[in-house]
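# Fold and geometry: a report
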Amino acid sequence: MPVARPETSDSRIIAHVDMDCFYVQVEQRKQPHLKGQPTAVVQYNSWKGGGLIAVGYEARKDGVKRSMRGDEAKKVCPQIHLVQVPVARGKADLTIYRNAGSEVVSILARKGRCERASIDEVYLDLTDAAETMLKETPLETLESIDEEVLKSHVLGLSLNGNDDRETVREWLTRRDADHRDKLLACGAIIVAELRLQVLRETEFTCSAGVAHNKMLAKLASGMNKPAQQTIVTLASVKGLLEPLPIKKMKQLGGKLGSSLQTDLGVNTVGDLLQFSEQKLQDIYGANTGTWLWNTARGISGDEVEGRLLPKSHGSGKTFPGVQALKSVAAVEKWLKELCEELSERLQLDLETNKRVAHTLTLHANAYKSTDTDSLKKFPSKSCPLRYGAGKVLEDSVNLFQAALREFLGSYTNPVDGGWGVTNLSVSASKIVAAPSGTCSITRYFHGQDRFHASSEQSDKKFAPESDNLSPSRTESHSASHQTDCGEGQTQITPDTSSLDQYETACKDEAIESCLTSTHHEPQLRLSEKERNNNDGKRSYEQKRKATQEKVSSFCWDF
DNA sequence: CTTGGCGTCGTAC
DNA sequence: TGTACGACG
């Protein structure tokens, strides 16, 4: 649920950069003959030609939609090239897309605080860069402005949204422009430059939005695609939001947005303006209420986090219908695949970014064939994470068995049978900077994985050869640079380090014990009573009912 | 196997 | 802290 944050008083310059049909671009770079061709990426699935997870713009022209199956896409667009997501260990493997995303991030991080929002989206705080630029070069003196900047869409600039280059040039260089507009203009120049740099270094195009906060920047980046940028001026905010369907706003595409529509009759963001902050708080709680009130006005204090790397790693797979896993042995087989992928990624993160993960979590979905409503909740379980594929597997299997016992309850006790797992995933979280000295551990595990991966005798003794290879670092600051390392992996290395932050973030002792831990049982709270699932959880519908009087009396006011 | 599957991130208790 | 679940793409 969204949380209200006070708006920062100063006017920031925030950009949202969104890669255009990213997976398709990655495949087109890999296979250049696909460039310019109608292309879509499908997830491995022999059923009806697989599900589309990315559609190129040539194919979109023919009406191909993300919601289609491969077969449908072929019908609408017979010439379409359907590229399969790589498969490794019997499952879809997104590694190449993640690595491509890292390439992009490392370029975008050059000009300001950068937040990796997803595999193909990035937020940038360009406030400092824009202010510096404005101080050094008054815009009205600009002689040549890059074509990419002149192609910007400036919201509210022209009546028909038909901003030609000369109009944009005029807007960019207006002497008497609002100071905030001038900063936006600087932001647009910087972003255009960054987008060109991304194109030069990666061959990928992207679109961008430039605004005073994340919410508006995100909205803008999607308005003109592909390979274009959109600027949200202060003056345009009201007119932009007023007619906008509520579902178009980030965070309002789900149940909260639906509740707004069905319960309050709010169809556009403008409709929300009718409700007082107090009323929205009464209905949705203090945080969400304030957040909604601000959102309707284009206000968002959300900061751009300086974070270039993911906060967790996961590997999972679904087993729909008849493919459901019906024995512990089958589950173990797939857990092995998932744990090996996860372990490989953890190892790479350790070597490349000097980070260690602390928590291992197992998620699953399952049905009980006795229960008529087949899909009951399968509990997720976590434990401390121990490095090495074999240990991750061992712990995952234990987590699964603990969860399975809980899931089945007293229901008979067949070891196998009577149940089926339809989804299985393992993930690693609580990732922090590794202590210096972990490099030796890195090498230790590297050797282990390479040369005797199957041997799971965890002799905790390894030579603690003191190496001062790398100071620990955090990624909390702005600039970073990238180096290619080894196996096609992209490293993102921060320029600045903050030992203070690291030292408070983790204790050497804790990390060492995590890495070398020899206990073979994950720490489970097995005996703990299962809590009542419905406690403290009220749907929007329930909340609405609880406050029905307030709502209706409010509605009468209007 | 209803817009899938496979991730990620976030909040609440 | 672990766990559940929503949102997004």
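Each chain carries its own residue numbering, running from 1 in the written order of its sequence. As a convention, the first chain written is A and the first ligand written is 1, with the rest following in written order. Reporting in this predicted model follows two pLDDT cut-offs: at least 70 for local features of residues, and 80 or more for side-chain atom pairs to be given and counted; totals over whole chains, interfaces and linings ignore these cut-offs and use all residues. Each side-chain value is worked out from all heavy atoms of the structure, with water and hydrogens disregarded.

## Description of the sheet that holds strand β1 (residues 14–19)
- Taken in spatial order, the six strands of this open sheet run β7-β8-β1-β10-β11-β9, and their pairing is mixed. Of all strands in the sheet, those bounded by a partner on one side alone are β7 (113–118) and β9 (153–154).
- Pairing between strands is defined by DSSP: at least two bridges between them are needed. By the criteria applied, helices consist of DSSP H or I runs no shorter than four residues and strands consist of E runs no shorter than two, each listed in order from the N terminus. Sheet topology note: the β1/strand β10 (residues 206–211) ladder contains six bridges and is antiparallel. Looking across to β10, one finds that Asp-18 is bridged to Ser-207.

## Brief notes about the protein's contact with DNA strand C
- Neighbouring residues are identified by heavy atoms, a residue being near a molecule or strand if any of them is within 4 Å of it. In the region of DNA strand C, 17 residues are neighbours, and Lys-218, Gln-251, Lys-377, Ser-380 and Ser-382 sit closest.
- In the analysis that follows, any N or O atom pair within 3.5 Å is treated as a polar contact, provided that within protein one partner can donate a hydrogen and the other can accept it, and provided that, for residues neighboring in sequence, both atoms belong to side chains. Taking Ser-382, its main chain carries an N or O atom lying 2.4 Å from a phosphate oxygen of DNA strand C.
- Of the residues contributing to the surface near DNA strand C, the split by class is four nonpolar, five polar and eight charged. Residues are grouped as follows: nonpolar covers Ala, Val, Leu, Ile, Met, Phe, Trp, Tyr, Cys and Pro; charged covers Asp, Glu, Lys and Arg; every other residue, Gly included, is treated as polar.

## Looking at helix α15 (residues 328–353)
- In this scheme, a helix's expected span is set at 1.5 Å multiplied by one less than its residue total. Here α15 contains 26 residues, and its C-alpha end-to-end distance of 35 Å stays within 8% of the 38 Å for a straight helix at 1.5 Å per residue.
- Phi for Lys-354, located one or two positions after α15, is positive at around 55°.

## A closer look at the packing of aromatic side chains
- Ring pairs are drawn from Phe, Tyr and Trp, using the six-membered ring of Trp, whenever the two centres fall within 6.5 Å, and their geometry is named by plane angle: stacked under 30 degrees, edge-to-face over 60, tilted for the rest. Per the stated rule, a full pass over the model turns up six aromatic pairs.
- With 5.6 Å between their ring centres and 20° between their planes, Phe-378 and Phe-400 make a pair best called stacked. Linking Phe-378 in the loop between β14 (375–376) and β15 (381–384) with Phe-400 in helix α16 (residues 389–408), this pair joins segments that are 22 residues apart in sequence. Phe-400 shares its class with Phe-378; the two are buried.
- Relative to Phe-407, the ring of Phe-378 lies with its centre 5.0 Å away and its plane at 45°, an arrangement referred to as tilted. Taken together, the residues span a long stretch of sequence, with Phe-378 in the loop between β14 and β15 and Phe-407 in helix α16 at a distance of 29 residues.
- Joined through ring pairs, the aromatic side chains of Phe-378, Phe-400, Phe-407 and Trp-419 make up one cluster. Type-normalised accessible area, obtained with a 1.4 Å probe on protein chains alone, sets the label of each residue: buried when under 20%, exposed when over 50%, and partly exposed for intermediate values.

## Description of the protein's contact with DNA strand B
- In the vicinity of DNA strand B lie 30 residues, with Gln-43, Lys-91, Arg-98, Lys-311 and Thr-318 positioned nearest.
- The sugar-phosphate portion of DNA strand B accounts for 73% of its atoms within 4 Å of the protein, the bases making up the rest.
- Lys-311 is positioned with one of its backbone polar atoms (N or O) 2.6 Å from a phosphate oxygen of DNA strand B.
- With respect to DNA strand B, the side chain of Arg-345 contributes an N or O atom lying 2.9 Å from a phosphate oxygen.
- Elements supplying a minimum of two residues to the surface near DNA strand B: β3 (51–55), β6 (91–92) and β12 (313–318).
- When grouped by side-chain class, the residues that make up the surface near DNA strand B number seven nonpolar, 13 polar and 10 charged.

## Points about unusual backbone geometry
- Here the bond from Lys-225 into Pro-226 is cis, since omega is -5°, no more than 30 degrees from zero.
- Turning to its location among the elements, Pro-226 is positioned in the loop between α9 (214–221) and β11 (229–231).
- At Ala-227, a position not held by glycine, the phi torsion is positive, near 55°.
- Relative to the elements of secondary structure, Ala-227 occurs in the loop between α9 and β11.

## Re the packing of helix α13 (residues 277–284) against helix α14 (residues 286–296)
- Relative to each other, α13 and α14 sit at 140°, their axes nearing to 7 Å. With respect to α14, the element α13 is oriented oblique. As for the relative orientation of α13 and α14, their crossing is right-handed in sense. Within the contact between the two elements, α13 uses Glu-277, Leu-280, Gln-281 and Tyr-284 and α14 uses Ala-286, Thr-288, Gly-289, Thr-290, Leu-292 and Trp-293. Lines fitted to C-alpha atoms define the axes here, with helix axes fitted over just the stretch in contact, and angles between the N-to-C directions of these axes take values from 0 to 180 degrees. An angle counts as roughly parallel when it lies under 35 degrees, as roughly antiparallel when it exceeds 145, as roughly perpendicular when it falls between 65 and 115, and as oblique in every other case. Two helices that cross are described as forming a left-handed crossing if the nearer one is turned anticlockwise from the farther one by less than a right angle, and a right-handed crossing if clockwise. Residues are treated as being in contact if the distance between any of their heavy atoms lies within 4.5 Å.

## Details of helix α7 (residues 165–172)
- When we look at burial in α7, the residues that qualify are Val-168, Trp-171 and Leu-172. The buried residues of α7 occupy an angular sector of 95° when the element is viewed end-on, so they sit on one face.
- Looking at the buried residues of α7, the elements they touch are α6 (147–150), β9, α8 (179–202) and β11. This arc describes the spread of directions from the helix axis toward the C-beta atoms.

## As for the nonpolar core
- Core analysis: the biggest nonpolar cluster contains 52 residues, and Leu-108, Leu-124, Leu-172 and Phe-204 have the highest contact counts within it.
- Of the residues forming this core, the biggest block, 11 residues, is contributed by α8.
- Residues in contact with Leu-108, not counting those within four places in the same chain, are Val-17, Cys-114, Val-122, Leu-124, Leu-194 and Val-198.
- In these notes, a set of buried Ala, Val, Leu, Ile, Met, Phe, Trp, Tyr and Cys residues joined through side-chain atoms within 4.5 Å is what counts as a nonpolar core. Residues Leu-325, Leu-335, Phe-407 and Val-432 belong to the second largest nonpolar core, which totals 38 residues.

## A short note on the pattern of salt bridges
- Take a side-chain nitrogen of Lys or Arg and a carboxyl oxygen of Asp or Glu: if they are within 4 Å of each other, that pair is a salt bridge. Applying the stated criterion to the full structure yields 26 salt bridges.
- The residue Arg-174 makes a salt bridge to Asp-176 at a minimum N-O spacing of 3.2 Å.
- Overlapping salt bridges bring together Arg-89, Lys-336, Glu-340 and Glu-344 as one network.

## Side note on the sheet that holds strand β4 (residues 81–84)
- Read from one edge of the open sheet, three strands run β3-β2-β4, paired in mixed fashion. The open sheet has two edge strands with one neighbour each: β3 and β4. Shown here is a sheet whose adjacent strand axes are inclined to one another by a mean of 35°, direction ignored.
- Summarising the sheet, strand β2 (residues 39–43) and β3 pair through four bridges and their orientation is antiparallel. Residue pairing for β3: Val-42 is matched across the bridge by Leu-52.
- Running at roughly 105° to β2, helix α1 (residues 22–30) makes contact with β2, β3 and β4 of the sheet.

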